[in-house]
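Each chain, letter by letter, is given below.
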Amino acid sequence: MSTIKTNQLAHTANGAATYTLPQTDGSAGQVLQTNGSGVLSWVTLPSAGLTMHDNWYVGGSLSPANGTHYITSNWTRNTNTEAGSIGSAMTESSGIFTFPSTGIYKIDFNGGFYVSANAVYNYLGFGIFTTLDNSNYSKRIETYQAAPASANNYVMAPVSYVFDVTNTTNCKVRLSTISDGTGTNLIDVGGRYGQVFFTKLGET
């Protein structure tokens with residue numbers, strides 16, 4: 001059997017691109033990819049479907065102060081079997097969450113407030129803050145509800161945001177409470193005072 005040896009391939013058309021082949025074979029399942037300038041290399045195709053999903057909760061009671069305040073403590077990763085997770089986990093320090101890899105992430109925070117006293121609150125809710133430089137955080141979205149003047153009220157305020165994480169060192173996220181006053185508590189569901197879900201939708 002004859003063997004053809006070459007390091008480049010060129011189309012017969014005049015002025016068409018010339019492709020430079022990689023010097024080594026790729027791994028099983030890899031495909032050739034061009035860099036746009038005619039240089040080919042072996043790459044692994046992205047996995048089908050979601051590759052990362054993780055969830056955390058506040059594991060201690062929280063009575064929000066008046067105004068907007070970051071939730072900085074008692075964050076716990078939900079590792080219970082029924083909770084479910086996919087891929088690499090988020091990491092957290094003092095309420096600052098770091099992503100395991102670059103990509104487009106959907107952040108969902110589900111929580112609510114319990115109002116025991118007969119008091120009016122113009123707004124109770126949550127916010128999502130992100131940074132692109134590992135220093136300066138900006139409020140990206142907030143949701144809130146009003147609580148009427150009656151005791152034993154429950155106010156739900158889920159919030160979501162899609163974040164393009166281009167750098168895992170600089171792109172991070174924090175969550176906050178937003179309250180019109182003191183005297184409320186986050187709702188407790190089985191020892192979880194609000195839950196946040198991180199889902200990687202795709203590559204950046």
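Here, every reference points to the structure presented above.
Every value quoted in this text rests on a predicted model; they were computed, and no experiment measured them.

About the criteria used
Residues numbered from 1 in each chain as written. Predicted model: local features only at pLDDT ≥ 70, side-chain atom pairs only at ≥ 80, totals over all residues. Heavy atoms only, no water. Phe/Tyr/Trp six-rings, centres within 6.5 Å; stacked < 30°, edge-to-face > 60°. Lys NZ or Arg CZ within 6 Å of the ring centre and 35° of its normal. Pairing = 2+ DSSP bridges. Helix = DSSP H or I, 4+ residues; strand = E, 2+ residues; numbered from the N terminus. Axes fitted to C-alpha atoms, helices over the stretch in contact; angles between N-to-C directions. Contact = heavy atoms within 4.5 Å. Polar contact = N/O pair within 3.5 Å; in protein donor to acceptor, adjacent residues only side chain to side chain. Salt bridge = Lys/Arg side-chain N within 4 Å of Asp/Glu carboxyl O. Buried < 20%, exposed > 50% of the residue type's maximum accessible area, 1.4 Å probe, protein only.

Draft legend 1. Focus on the packing of aromatic side chains. All chains considered together, the criterion is met by 14 aromatic pairs. Look at Y161 and F163: their rings are 6.4 Å apart centre to centre, the planes differ by 35°, and that puts the pair in the tilted class. Taken together through their ring pairs, the aromatic side chains of W56, W75, F97, F99, Y105, F109, F113, F126, Y161, F163 and F198 make up a single cluster. A cation over an aromatic ring shows up here: R174 above the ring of Y70, its NZ or CZ 3.8 Å from the ring centre.

Draft legend 2. Here's a closer look at the sheet that holds strand β5 (residues 53-58). In spatial order, the strands read β7-β5-β18-β10-β15; together these 5 strands make up an open sheet with antiparallel pairing. For this open sheet the edge positions go to β7 (75-77) and β15 (159-165), each flanked by a neighbour on one side alone. Within this sheet the neighbouring strands show an average axis-to-axis angle of 25°, counted without direction. Sheet analysis places β5 next to strand β18 (residues 195-202), joined by 5 bridges and oriented antiparallel. Paired with H53 across the two strands is T199, which belongs to β18.

Draft legend 3. View of the environment of K200. On the secondary structure map, K200 appears in strand β18. Residues K200 and D164, 36 residues apart in the sequence, show an inter-C-alpha distance of 9.8 Å. Residues in contact with K200, not counting those within four places in the same chain, are L50, T51, M52, S101, T102, G103, I104 and Y105. Of the polar contacts made by the side chain of K200, one reaches the side chain of E203; its length is 3.2 Å.

Draft legend 4. Spatial organisation of the pattern of salt bridges. By the definition in use, this model includes 4 salt bridges. Between R77 and D54 there is a salt bridge, and its shortest N-O distance comes to 2.7 Å. Within this pair, whereas R77 is found in strand β7, its partner D54 is found in strand β5, the two being separated by 23 residues in sequence. Classification of R77 as partly exposed rests on a relative accessible area of 26%. The buried category is assigned to D54, whose relative accessible area is 0%. With a shortest N-O distance of 2.6 Å, D108 and K106 are connected by a salt bridge.

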